[in-house]
Amino acid sequence: MSPDLHHLSGAYAVDALDRAERESFEHHLSVCDACRAEVAELSDAAHSLAVLGEATPPASLRTSVLAGIAQVRPLPPLVTDSSLVSAADDPSTPVAPVVPLFRRASTWLAAAAAAAAIAVGGIAWSPWSGDAPTLSAVQQVERADDAATVTSHKGAVTATLAYSRRLDRSAITVAGMPPAPDGKTYQLWYVGSDEVARSAGFLTAGADGHGEAVLEGGIDGASAVGVTVEPTGGSQAPTTDPIMVMAVA
Amino acid sequence: MMEDMTAASPGPRTSVSGGAAASPADLAELLRRSARGDEAAFADLYDATSRRVFGLVLRIVRDHAMSEEVTQEVYLDVWRSSARFDPARGSALSWLMTIAHRAAVDRVRSSEASRRRDDAHAAATRPVEFDETSEAATTALEAQRVRKALLTLTEAQRSAVELAYLGGYTHTEVAGLLGLPLGTAKTRIRDGLIRLRDTLGVPA
Ligand SMILES: [Zn+2]
């Protein structure tokens, strides 16, 4: 590893690294005590600057924050986090062949929390449309008697996840989605409460920005569904930050 | 702004006017209670920190509506992950501000806010102004201490730190804005922060 890596602590502390540098430095942080300590100190120093530009948010923001948290359950303490770090520190600990954790679990969870606050609701079952023979696989999930939906917005993209615990299925519908870049694909993931991601297949957006897919595998055990951009053919575990995350109840 | 004047005026909330005036131990305790689902504790945490969080986000994001959105996301994230705050790794305020800064920076770097990047040149040629009028009385002393500490940085270090932290620019962008050779801005930022840390670490 580059000896220069230690010198990234300052830029990391003020979020001045680009995405790739940030990721490689975070990997370095997981094995370098000196950098961890330095980042903590330099972050403190940097955050002291925030005292120079305080601004009062509108009262409506307080109202919506408090309304938002009322719909979101705080996560339990992350027990696996410290055990992972100590395992990485201890060279005698064999590396277990487990599915890797999301590298940036907090990003997923933040996005999921925001999404959960935006829209969680049941779809009313319509008896006159429920058993139509022309129902697509996606519609079958959407019309399940216990179906619920979560909608997430990101820029011009709207994603709606419909899921049924009874059917143990979920389906995603997107609008305004650009086609995946050349050599890339949109991959779907079920994320458990332990933050382990399991692949749930792929999503293709058409020229009109529309796409839909029934996720592979059951939703049982999942607390969120995410979408990442992966190399064509997909990845064993997410290799990039999610572009969409939807929390499921 | 009217709201700022109200916040700075004496009143029942003066001790927690949103400027992080509550003691570090108080904030950590409020987080612990939030982790157990205590919404009243979280409201107190919000009241004690929201001026600082919103001010920082606004500083980086600029757009008012977008800043409100980011601030809301930050507090939802803080609520949801409150049990994961580890007092052994740093103060509650630092943890919260780290989440806020990251969220604001991620927002301006996303494509939907790329407009702001076009203003990069304008930002570079405009001196960073501190919004003194929005300072609550309770934080005035702390602000004075920080402003003094900043004076111990070289001009080059101070510009680099401010553009990175308060401007939300990457070190590559900072190098471009300051006309530095690529790769030197990160050293400048680190040296500046070390100086700031050492100066602030000495009791006034
Ligand atoms: Zn290191």
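Every chain is numbered on its own, with residues counted from 1 as its sequence reads. For naming, the first written chain is A and the first written ligand is 1, with later ones following in the order written. Thresholds applied to this predicted model are a pLDDT of at least 70 for local features of residues and 80 or more for the giving and counting of side-chain atom pairs; totals over whole chains, interfaces and linings are not thresholded and use all residues. Computation of side-chain values covers all heavy atoms of the structure but excludes hydrogens and water.

Q: It is not clear to me how the overall build of chain A should be interpreted in this structure. Could you clarify?
A: When helices and strands are tallied, chain A shows eight helices and nine strands. Among the 249 residues that make up chain A, the fraction classed as buried is 49%. Summarising the internal contacts of chain A: among those between residues at least 6 apart in sequence, 60% fall at separations of at least 24. Total accessible area on chain A stands at roughly 11400 Å², and carbon and sulfur atoms take up 59% of it. Starting at the N terminus, helices and strands are each numbered in turn, a helix being any DSSP run of H or I of at least four residues and a strand any DSSP run of E of at least two. Burial classification: accessible surface area is computed with a 1.4 Å probe over protein chains only, and a residue below 20% of its type maximum counts as buried, one above 50% as exposed, and the rest as partly exposed. Residue contacts are counted whenever heavy atoms from the two residues lie within 4.5 Å of one another. We get accessible surface area from the Shrake-Rupley algorithm with a probe of 1.4 Å; when it comes to residues, only the shown protein chains can shield them.

Q: I'm lost on the coordination of the zinc ion in this one. Help?
A: Where a metal carries four tetrahedral donors, each ideal angle is 109.5 degrees; where it carries six octahedral donors, the ideal angles are 90 or 180 degrees. Residues and elements named next belong to chain A. Looking at the metal site, the zinc ion is ligated by His6 (ND1), His28 (NE2), Cys32 (SG) and Cys35 (SG), spaced 2.0 to 2.3 Å from it. Around the zinc ion sit four donor atoms, and with donor-metal-donor angles ranging over 102 to 118° the site reads as tetrahedral. If you list the donors of the zinc ion from N- to C-terminus, the spacing comes out as H-x21-H-x3-C-x2-C. Pair noted here: His6 is in the segment before α1 (9–13) and Cys32 is in the loop between α2 (19–29) and α3 (33–47), with a separation of 26 residues, a long-range link. His6 sits in the partly exposed class, given a relative accessible area of 34%. Listed donor atoms are N, O and S within 2.8 Å of the metal (Na, K and Ca: 3.2 Å). As water is not included, a site may look incomplete. Here a site with four donors is tetrahedral if all angles are between 85 and 135 degrees, and a site with four or six donors is square planar or octahedral if opposite donors are over 155 degrees apart and the other angles are between 65 and 115; anything else gets the irregular label.

Q: How do you make sense of the packing of helix α8 (residues 155–165) of chain B against helix α10 (residues 184–201) of chain B when you look at a structure like this?
A: Helix packing geometry: the angle between the two helix axes and the distance between the axes. Residue and element names in this part refer to chain B. In contact at an axis separation of 8 Å, α8 and α10 are set at 100° when each is read in the N-to-C sense. As judged from the angle between their axes, α8 and α10 are roughly perpendicular. The segment α8 lies against α10, with Ala156, Gln157, Ala160, Val161 and Ala164 engaging Arg188, Ile189, Asp191, Gly192, Leu193 and Arg195. The residue inventory of the contact of α8 with α10, partitioned by class, reads six nonpolar, two polar and three charged. Each axis is a line fitted through C-alpha atoms, taken for helices only over the stretch in contact, and angles between the N-to-C directions span 0 to 180 degrees. An angle below 35 degrees is treated as roughly parallel, one above 145 as roughly antiparallel, one from 65 to 115 as roughly perpendicular, and anything else as oblique. Ten residue types, Ala, Val, Leu, Ile, Met, Phe, Trp, Tyr, Cys and Pro, are classed as nonpolar, four, Asp, Glu, Lys and Arg, as charged, and the remainder, Gly among them, as polar.

Q: Would you mind going over the sheet that holds strand β8 (residues 222–231) of chain A with me for this structure?
A: Across a sheet, strands are paired by hydrogen bonds formed along the backbone, either parallel or antiparallel in direction. Residue and element names in this part refer to chain A. What makes two strands pair is DSSP finding at least two bridges between them. Read across the sheet, four strands follow the order β6-β5-β8-β9 without closing on themselves; strand pairing throughout is antiparallel. The outermost strands of the open sheet, each flanked by one partner alone, are β6 (197–203) and β9 (244–247). This sheet shows a mean twist of 25° between the axes of neighbouring strands, independent of strand direction. Examined bridge by bridge, strand β5 (residues 184–192) and β6 share five bridges and lie antiparallel to one another. Opposite Gln187, over in β6, you have Phe202 as the bridge partner.

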